[in-house]
Amino acid sequence: MVDLSVNLGDIRLDNPVIPASGTCGFGLELAEWYDINMLGAISLKGTTRDPRFGNALPRIAECPSGLINSVGLENPGIDKLLSEKIPALRAIYHKPIIANISGFSVEDFAFCAEKAESCPDIDILEVNISCPNVHGGGMALGTDPEVAAAVTRAVKQVSSKPVFVKLTPNVTDIVTIARACEAAGADGLTVINTLLGMRIDIRTRKPVVAAGTGGFSGPAIFPIAVRAVYQVAHACRIPVMGCGGISTAEEVIEMLMAGAAAVQVGSASLVNPLACKEIIEQLPVVMERLGLKDLKQLKLN
Amino acid sequence: MATERTFILTAIEPVAAATWRLQLSGDTSGLRCAGQFVMVSVPEFYLRRPVSVCDCEPGLLTLIVKVMGEGTAALCALRPGREISLLCGLGNGFDLSACPKGKEAMIIGGGVGVAPLLLLCKQLREADRHVTAVLGFNTKEDIFLEKELEAAGADVIVATADGSAGCQGFVTDAIRMCVLKSDYFYACGPRPMLKALCTQLRQDGEVSTEERMGCGAGICYGCTCQTTSGPKRTCKEGPVFKKEELVW
């Protein structure tokens, strides 16, 4: 028997697989395909202070080994998250819930974090300072170490929950941002969000997504994510959720070996809603093949 | 309930210009009704492609695909015997009960949007509704499903934009010229056609819309449209919306 459990700071997960924010809706969407209680945890769709429709359509562009999305943080707002989405999920799901919050200013994040504080069903707060699809916020807050630290500090001041800051890879040195968040009190980091990308329709001579640019994700970014996780995990003491392009159990183990404490699976669920289930079922098989008894403290030789 | 299943491509044949009929065998139990769609996995492409269900009987699925880009070209180049993964039974589908028993239904399709009308016609006929089908194409070479719809019991009117077959003009012209009457309409096709129908036809109706999709399963929020009752996902709460729900 192999042991799939991992520790994410003080929280024990039955296995390291977590659907990434934006690729599992608010949980119920995935629950139509399988029993989501088999997941390690779940990270819900990014939520802002006010409801948002998001960007104009089209929001999706096909890419080699991936996709660009420019959804633009469509969400019903923090109040509806707390009054409707999370209670509906909790009724069918008993594993940890990660609430992903986003905003356009330090105050927006503090506002959402304070609201989330009243919700005992939220186990972890994920602070999204890395969304490439909104202007004047999102990623702009995650590319400057001082602003990233200010957001982290403001959230920590009003929240008693474990706070994981989700970082963008669209920076010169991700370690600088990671260290700034750690110093500001982050309990952990999610590494990485999507890469800023663009496709052009050569027939219409227009960008494929209406917003022009969007976040690039999928298997193509996996090596970038492994590198970023490796750099951050070896520069910081706080736990890292490794995210970016994972679609197989082997890649979960690779990400853990890079230094992640747990992993998030994103785009794979958009191609196959059963992706996380199939990866979790495959993990013991791959572990046995590799002679691994558990997934904690997997290190490079 | 929607399912992921492996189907076998048993036949593929051209039915009109750049338009192919794909016959697939596999577990069709995930499909509930006409107007639903499947997400088709295409070799060498990352995202699945949404395709409306043209016809379905237990174990046998018919899709009609028009080559629009590289993905649909790759799909139409597949040979019989090939295994294809499908997400089956997605979307809400048409509401047959919206057209009361014994009443007249008009089913209207434009271009490849004609595809889902066959199963719709069969289900409406089974439920004892009279069906008039109005099919709009650009030109004669684009016409498909005319005979199949007649065989399924519909009175079929064809319109072509260039006048090379049937009435000359759009489906709205054909409806006006032929003085077609009905109690309720169902439509699928390009957005300008749907807009014209929803704004010009007096009777109630519903239309199947098309958007570029990510997952097709309500997960990614890539295809949300604005409606009179708030934002709705084309793939999940749609693709069929009531005439009065849509914002043009």
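What you see as residue numbers is a count from 1 along each chain, following the sequence as written. All chains are assigned letters beginning at A, and all ligands numbers beginning at 1, according to the order in which they are written. Totals for whole chains, interfaces and linings use all residues, but because this is a predicted model, local features are given only for residues with pLDDT of at least 70 and pairs of side-chain atoms are given and counted only at 80 or more. The basis for every side-chain value is the complete set of heavy atoms in the structure, and neither hydrogens nor water enter the calculation.

Peer 1: Requested: an account of the packing of aromatic side chains, with residues and values cited.
Peer 2: Pairs were defined over the aromatic rings of Phe, Tyr and Trp, the Trp ring being its six-membered one, requiring ring centres within 6.5 Å. Orientation was assigned from the angle between planes: stacked under 30 degrees, edge-to-face over 60, tilted for the rest. Enumeration over the complete set of coordinates arrives at 4 aromatic pairs over all chains. Between Phe26(A) and Tyr221(B), the ring centres sit 6.5 Å apart and the planes meet at 85 degrees, which makes this aromatic pair edge-to-face. Within this pair, whereas Phe26(A) is found in the loop between β3 (17–19) and α1 (28–31), its partner Tyr221(B) is found in the loop between β12 (204–208) and β13 (224–227), the two belonging to separate chains. This pair shows no difference in class: Phe26(A) is buried, exactly as Tyr221(B) is. An angle of 90 degrees between the planes, with centres 5.6 Å apart, marks the rings of Phe94(B) and Tyr186(B) as edge-to-face. With Phe94(B) in the loop between β6 (83–90) and β7 (104–110) and Tyr186(B) in strand β11 (residues 184–188), this pair connects stretches of sequence that are 92 residues apart. A run of H or I in DSSP becomes a helix once it reaches four residues, and a run of E becomes a strand once it reaches two; helices and strands are each numbered from the N terminus. Buried residues are those whose accessible area, probed at 1.4 Å on protein chains only, stays under 20% of the maximum for their type, while exposed residues exceed 50% and partly exposed ones sit between those limits.

Peer 1: Hey, could you go over the nonpolar core for me, with residue numbers and the actual values?
Peer 2: Nonpolar core, defined: a set of buried Ala, Val, Leu, Ile, Met, Phe, Trp, Tyr and Cys residues in which side-chain atoms within 4.5 Å join the residues together. Among the nonpolar cores identified, the biggest contains 118 residues, and Ile129(A), Leu167(A), Leu189(A) and Val191(A) are the most heavily contacted of them. Setting aside residues up to four positions removed in sequence, Leu189(A) forms contacts with Phe164(A), Val165(A), Leu167(A), Ala178(A), Cys181(A), Val232(A), Cys236(A), Ile238(A), Pro239(A), Val240(A) and Met241(A). The next biggest cluster of nonpolar side chains, apart from the first, holds 53 residues, and it includes Leu22(B), Val65(B), Leu75(B) and Leu78(B). Only heavy atoms matter for contacts: two residues are in contact if any of them lie within 4.5 Å across the pair.

Peer 1: I'd like to hear about the sheet that holds strand β14 (residues 214–217) of chain A, residue by residue, with values.
Peer 2: Residues and elements named next belong to chain A. When DSSP finds two or more bridges between two strands, those strands count as paired. The sheet built from 4 strands is open, its strands ordered β5-β6-β14-β11 with antiparallel pairing. Two strands close off the open sheet at either side, each with one partner strand: β5 (60–63) and β11 (195–197). When the angles between neighbouring strand axes are averaged without regard to direction, this sheet yields 35 degrees. Sheet topology places β11 next to β14; 3 bridges connect them, and they run antiparallel. Axis geometry follows a simple rule: fit a line to the C-alpha atoms, using only the stretch in contact for helices, then measure angles between N-to-C directions, giving values from 0 to 180 degrees.

Peer 1: I'd like a description of the interface of chain A and chain B, backed by residues and values.
Peer 2: By a widespread convention, an interface's size corresponds to the accessible area lost as its parts come together. With 34 residues of chain A in contact, the opposing surface of chain B contributes 29 residues. Put simply, buried area is how much 1.4 Å-probe accessible surface two parts lose in total, over both of them, once they are put together. Between chain A and chain B lies a buried interface of about 2,600 Å² when both sides are counted; carbon and sulfur atoms form 63% of it. Ranking the residues of chain A by area buried against chain B places Trp33(A), Glu62(A) and Val271(A) at the top, with a combined share of 25%. A side-chain nitrogen of Lys or Arg and a carboxyl oxygen of Asp or Glu constitute a salt bridge if their distance falls within 4 Å. Across the chain A-chain B interface, the total number found is 3 salt bridges. We call two N or O atoms a polar contact when they sit within 3.5 Å, provided that within protein one can donate a hydrogen and the other can accept it, with sequence-adjacent residues counted only if both atoms are side-chain atoms. Linking chain A with chain B are 9 residue pairs in polar contact (both at pLDDT 80 or more), by the criterion used here. Sorting the residues of the side of chain A that touches chain B by element identifies α1, β5, β6 (66–69) and α8 (268–271) of chain A as the ones contributing at least two each. A breakdown of the residues in the side of chain A that touches chain B according to their chemical character gives 19 nonpolar, 9 polar and 6 charged. Polarity classes work like this: nonpolar for Ala, Val, Leu, Ile, Met, Phe, Trp, Tyr, Cys and Pro, charged for Asp, Glu, Lys and Arg, and polar for all others, with Gly in that last group.

Peer 1: Requested: an account of the sheet that holds β3(A), with residues and values cited.
Peer 2: Residue and element names in this part refer to chain A. With parallel pairing, the 8 strands of this open sheet are ordered in space as β3-β16-β15-β10-β9-β8-β7-β4. Strands with a single pairing partner mark the edges of an open sheet, and in this sheet they are β3 and β4 (42–43). Sheet topology places strand β8 (residues 124–128) next to strand β9 (residues 163–167); 4 bridges connect them, and they run parallel. Paired with Glu126 across the strands is Phe164, a residue of β9. Along the sheet, helix α5 (residues 174–183) makes contact with β9 and β10 (188–191), crossing β9 at roughly 160 degrees. Against the sheet, helix α7 (residues 249–257) contacts β3, β15 (240–243) and β16 (262–265), and its axis sits at roughly 135 degrees relative to β16.

Peer 1: Please set out the domain arrangement of chain B residue by residue, giving values where relevant.
Peer 2: Residues and elements named next belong to chain B. Under the domain assignment, chain B is made up of domain 1 (3–90) and domain 2 (96–204). With both sides pooled, the region where domain 1 packs onto domain 2 buries about 1,200 Å², and carbon together with sulfur makes up 62% of that total. Among the residues domain 1 hides against domain 2, the three largest losses belong to Ala34, Cys54 and Asp55. Together they make up 34% of the total. Scanning the region where domain 1 abuts domain 2 turns up 2 salt bridges. Here Asp55 ties to Lys122 by a salt bridge, and the two come within 2.6 Å at their closest N and O atoms. There are 5 residue pairs in polar contact (both at pLDDT 80 or more) connecting domain 1 and domain 2. With 5 residues, the top contributor of residues to the side of domain 1 that touches domain 2 is strand β4 (residues 49–57). Grouping the amino acids of the side of domain 1 that touches domain 2 by side-chain chemistry returns 9 nonpolar, 2 polar and 3 charged. These domain limits were set by an automatic method or by a database of domain assignments.

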